[in-house]
Amino acid sequence: MTIQRFKRLPLALLCAGLCLGGLSVQPVYAATPVVAGTQALAPQTVLATMEKVADWQLANPTGYPLDDWTEGVGDAGFMALSGVSPDPKYREAMRAAGEKLRWRLGPSKFHADDYVVGQMYAELYLQLRDPRMIAPMRAQFDEMLAEPRPGSLNWLVPDVLHRWSWCDSLFMGPGAWARLTAVTGDQRYLDFALKNWWITSDYLYDKEEHLYFRDSRYFTQKEANGKKVFWGRGNGWVLAGLARMLQYIPEHRPERARFVQQYREMSERLLGLQQADGLWRASLLDPDSYPNAETSGTGLYAYALAWGVNQGILPRAQFAPAVKRAWQALAGNVQANGKLINVQPIGADPKRFDPQSSDVFAVGAFLMAGAEMYRMGLEEAGPLRVVTVANEGASARLDQQVEVADVGDVAVMDALTTRLLHTVAVGRGVQFRIDVAGGESRRYLLIPRARLSAPVAVKAAASGAGASGLKVSLSR
């Protein structure tokens, strides 16, 4: 969680409120799951479960402002679902939300919570190419670059929320900046995200434990068992934030190696903290004090670890079994009506909570995890051919057409973002449009349409010339 909904309170009162003790111990109620066991891993079942959870959320709106961080994380999940589902209503729900907000970010210019919604705007722009979707965000980020707000990351100093001073902010903030570079080609936004990520990391990352403190208040706090306080969902925000950054840091950028190193370090550490039931607990180092199942942090871990397996960054043999256990556990916490339960409510540290609780940010994490599990199942069904597109020039090539001949009836998936692209059939070939940074190579998976749970419609068109300056190669 981050604290947008409370941030207008005096900071001393805010900190006191967030540091209060938890609720009394609640009995653990069993979910009536949509599906459980190994069946939950089948791609068609994964997609069906995702859609059921999303449909429940759409039918049960939260009442939060649409630009609230909670909704922004939910939006990230709905965009992940829209990337693999043939049903246009999920993307349309996001477009409608953006229209209601007039594509503006939240009310506080420098608060990371208030621009997480910009991640959805940028991803929609990549699909629909409507300049209105990114114009207010670009104007605001330009203002922030022109008039930066340097200052301490110490949680108890004034204006600390103008910086990425809490671990959750590494999910909320950097991904919006990186995506704005992806859609505009302007490297300043990615440079800002890279620089400020490491300022926060150098302050909050425990290099011995390979985990993040939530914020500076927790540097000296201890759990009941005497161990350091590392919040489950808080570290989930960071690991998921790492994955979402790595989607948009080109391989030739020297900073990428450091991101991969931290991502692997945290993944190794967190793999050992998964509990026997496949979930992670609210407290990573004192799970016995917080025995409740907890699905929001688990959803973030399942997403980030599955993404790493799918990318080949994490060893499949080591991590895929853990990811599958996590997804089975998550699916087991979806009730028959599609409600995701066992969600720790908004907070800043480990707490006990009502097992029946749910929230949109956890749904967002669940849907992001589901998209990666869906892809994992598609890849495990058989080898896929890969199209690699290399931009050998120095400038970004945006909205460029690529044509690949003689590949049959295939869908095209962006290998980094797990999004099925709009395609046009050209004889036995396929056309699709891409964005690629200067000096970058991007990979696209060719998936036989018969393998998809519900194939996306494809249009036929006459052959046209592809983009010059791009080198296209196809694995056979």
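See the structure shown above.
Note that the structure is a prediction, hence the values are computed from the model and not measured. (Residues numbered from 1 in each chain as written. Predicted model: local features only at pLDDT ≥ 70, side-chain atom pairs only at ≥ 80, totals over all residues. Heavy atoms only, no water.)

## Points about the packing of aromatic side chains
Okay, step 1: In the structure shown here, the tally under the stated rule is 22 aromatic pairs.
Okay, step 2: Relative to Trp-177, the ring of Tyr-115 has its centre 6.4 Å away and its plane inclined at 80 degrees; by these criteria the two rings are edge-to-face. You can see Tyr-115 sitting in the loop between α4 (89–100) and α5 (117–128) and its partner Trp-177 sitting in helix α8 (residues 174–184), a full 62 residues away along the chain. Accessibility classification places Tyr-115 together with Trp-177 in one group, the buried group.
Okay, step 3: Considering the side-chain rings of Tyr-203 and Phe-219, the 5.4 Å spacing of their centres and the 70 degrees angle between planes classify their relative orientation as edge-to-face. Remark: Phe-219 occurs in the loop between β2 (211–212) and α10 (232–246) and Tyr-203 occurs in helix α9 (residues 187–204); sequence separation between them is 16 residues. (Phe/Tyr/Trp six-rings, centres within 6.5 Å; stacked < 30°, edge-to-face > 60°. Helix = DSSP H or I, 4+ residues; strand = E, 2+ residues; numbered from the N terminus. Buried < 20%, exposed > 50% of the residue type's maximum accessible area, 1.4 Å probe, protein only.)

## Re the pattern of salt bridges
Once the charged atoms of two side chains with opposite charge are near each other, the side chains can pair.
Okay, step 1: A complete count under the given rule lists 31 salt bridges for this structure.
Okay, step 2: Its salt-bridge partner being Asp-435, residue Arg-129 comes within 2.5 Å of it at the nearest N-O pair. Highlighted residues: Arg-129 in the loop between α5 and α6 (135–146) and Asp-435 in strand β8 (residues 429–436), separated in sequence by 306 residues.
Okay, step 3: Note on Asp-435: relative accessible area 15%, which makes it buried.
Okay, step 4: We note a salt bridge from Asp-186 to Arg-188, for which the minimum N-O separation is 3.0 Å.
Okay, step 5: Residue Asp-186 is classed as buried on the basis of its relative accessible area of 17%.
Okay, step 6: Through salt bridges with shared partners, one network takes in Glu-92, Arg-95, Glu-99, Asp-130 and Arg-132. (Salt bridge = Lys/Arg side-chain N within 4 Å of Asp/Glu carboxyl O.)

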